Amino acid sequence: MCGVYGMVNFAGPLRSPDHRFAMGERLRHRGPDDTGYRMAHDALVGAERLRIRDPRPRGAQPFVDPDDRIWVACNGAVYNDGAVRRRYADYPFRSTSDIESIVPLYLDLGVEGVAELDGMFALAIWDTRRKRLILTRDRAGEKPLFWRVTGHEVWFASEIQALLTPGSVALDRSALADYVRLGYPREPRTMLRGIEKVPSGTALVFESPTPTAHRFWHPEAVPETEIQAAAAQSELERLLRAAVTTQIAADVPIGVLTSGGVDSALLAVLAARALEPRPLHTFAVGFTAAGYDERHTAAAVAGIVRSSHVSVSVDDTALQAALDVVTDRVAEPIADPAILPSYLLAREARRHVGVVLSGEGADELFGGYPTYIGHRLVPAYRRVPTGVRAAFEALLRALPVSHGKVTLDFLLRRFTAHAQEGLLQRHVSWFGTGLPADLLSGGAPDSLQLDHGEAEDSLRRIMLFDYRTYLPDNLLPKVDRATMLVGLEARAPYLDRDLTTFALGLPMVLKVRGLETKWLLKRLARRVLPAGIVQQRKRGLSVPIASWINGGLRSEVDRLLALQRLEAAGLFEPLRVRQLLTEHRAGHANHARALWPLVMFERWRERWMGV
């Protein structure tokens, strides 16, 4: 694990080779243990290293083959490095690092070898003889990699701030349109024009500043399989055990981030068994706000697996401190408020372990979101007589507005408000920010094409949409930035290559059955976990943002969303923003989900647009 960076000039010597010092310094939180780079007149590849596998000096990056033909720097972990090493047993490996296995693989197969890697990775390869740069990311997009062109040079880095120079930033209005609607820009866009993400599951090959894309992962092409429930459960158990066993391979202590939910609880059980007699550490976060603290459930899981358990209590003061750190050090507006407690939890976990397992990917692959049930219920709701629907919706509007954690009235209000929309439009309305379409001043290009129909495979289409957008563009960046701010490596066993392929091919009836989400995963979990943990309603790592906006963060929200400030920026319709805030403050509506992305965007713009 590390932060990788570099620059290549395809028309002559590097123009600013000393910028490597700034690049490395801005990524040092990702790899505080070592600094290394390789440089020639026209190329630089560097790495800030976090020692996870083979902590000795010979495990340092970049890796170079004996003939100095290729330089390799990688942020992440290669889980099938043992098989690759056996395949190239004659290669003179200098270390036991999993990353070094990439060198002979590339020498043999070139860019096609990337498809054979099983792991999470953001990888840079400079082929000194062919003058070829390869930038690639893992299938799900667990690890980040950004790039930009400046003149004839291509710059790349694990985080955006390493690519910034004075006067180099400008807002991408199309990305802003995505952000307003979804809460994140979709790859390859970033919020800054001219800086792009390397798409997940894709290798970009540069022999000039214009790359050729080689996509090696096609989740939509995985066919649906015919499999019975008992056989599917057996295969799921085998694959998940294998994924956990593989991903606990490290030369540092291991932990699991436990929310009390079934995904992380199942990981904790399997990790504890695989680690024996080594100890497992578990970590949970909870809030002092009523209704948001689920540490008791996480503690129950810790008792089952007999882990060394640590819980972190979060109040408004802690959230404010986390907000300051995240907005100051992350050059992206992460709109998911869960990044704040995730950072606080990661900071505590780093005091005990070097690697943590987390449950990202389980919901998208196994059908965990309540919106999936909502889509199933829409046809029946549409058949209800119009008068009955109108009366029901009026009753919902008459209920007091709750600022609690994912309340039933919140879900019902959102369901009824958008039930008449087309499939993808409806899903975005339910799952997105909830910001109004007329919020952007002057409008903005809308690249999100929304259909207006239904289809036999609607749930499969929606889960693929979430896997290709919400997971790599929102959830995984949140986890990566939160953990990497403190030099902690997070791994997601549910995103294992073989397990992902298996899950994508499962029939929908094994994922969402009736009103139950994650049906197959819960069936497996019931064998090792109490029913109360398995059956509890999904809530995720929710943050009491609604009350915070009206309370401890009130003055900061008023400053950021002041009419004069919004008018000067010219990005959002000031009166629409103020209407949302006024209704929220008066208790007429809970607009926390819509207001928070604006708060984060304004803090990001204030901190980073002046670079």
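Details of the structure are given in the entry above.
Predicted, not measured: the structure shown is a model, and the values here were computed from it.

Q: Explain the sheet that holds strand β4 (residues 63-64) to me, using residue names and the numbers behind them.
A: Read across the open sheet, the six strands follow the order β4-β5-β6-β7-β11-β12; overall the sheet is antiparallel. Every other strand in the sheet has two partners, leaving β4 and β12 (212-215) as the edge strands with one partner each. Contacts from helix α3 (residues 102-109) reach β4, β5 (70-78), β6 (119-127) and β7 (132-137), with the element oriented near 120 degrees to β5.

Q: Break down the side chain of D127 for me, citing the residues and quoting the values.
A: Mapped onto the secondary structure, D127 falls in strand β6. From its side chain, D127 meets the backbone nitrogen of R130 in a polar contact 3.2 Å long. Leaving out residues up to four positions away in the same chain, D127 has contacts with R69, I70, Y106 and R132.

Q: With reference to specific residues and values, describe unusual backbone geometry.
A: Of note, the bond from Q61 into P62 is cis; its omega dihedral lies within 30 degrees of zero at 0 degrees. Mapped onto the fold, P62 is located in the loop between β3 (43-49) and β4. The residue after E276, namely P277, is reached through a cis peptide bond having omega 5 degrees. Within the secondary structure, P277 is located in the loop between α6 (262-275) and β14 (281-287). The backbone of D68 shows a phi angle near 55 degrees, a positive value even though the residue is not glycine. When you line up the elements, D68 lands in the loop between β4 and β5.

Q: Lay out the sheet that holds β3 in plain terms, naming residues and giving numbers.
A: What links the strands of a sheet is backbone hydrogen bonding, and the strands pair in either a parallel or an antiparallel sense. Overall, antiparallel pairing links the six strands, which are arranged β2-β3-β1-β9-β8-β10 in an open sheet. The sheet is open, and its two borders are formed by β2 (34-39) and β10 (195-197), each paired with just one other strand. Each strand axis lies, on average, 15 degrees off the axis of its neighbour in the sheet, ignoring direction. In this structure, strand β8 (residues 146-150) lies alongside β10, joined through three bridges in antiparallel fashion. Looking at the pairing, F146 lines up with K197 of β10. In the packing of helix α1 (residues 19-26) onto the sheet, contacts are made with β1 (2-9), β2, β3 and β9 (153-157), and the angle to β1 comes to roughly 160 degrees.

Q: Go over the pairing of β12 with me, naming the residues and quoting the values.
A: Note on strand geometry: in a regular strand, side chains alternate between the two faces of the sheet. With four bridges connecting them, strand β11 (residues 202-206) and β12 associate as antiparallel partners. Of the residues in β12, the one forming a bridge with L204 is A213. Linking two consecutive strands that pair antiparallel, namely β11 and β12, is a turn of five residues.

Cut-off values and rules
Residues numbered from 1 in each chain as written. Predicted model: local features only at pLDDT ≥ 70, side-chain atom pairs only at ≥ 80, totals over all residues. Heavy atoms only, no water. Pairing = 2+ DSSP bridges. Helix = DSSP H or I, 4+ residues; strand = E, 2+ residues; numbered from the N terminus. Contact = heavy atoms within 4.5 Å. Axes fitted to C-alpha atoms, helices over the stretch in contact; angles between N-to-C directions. Polar contact = N/O pair within 3.5 Å; in protein donor to acceptor, adjacent residues only side chain to side chain.

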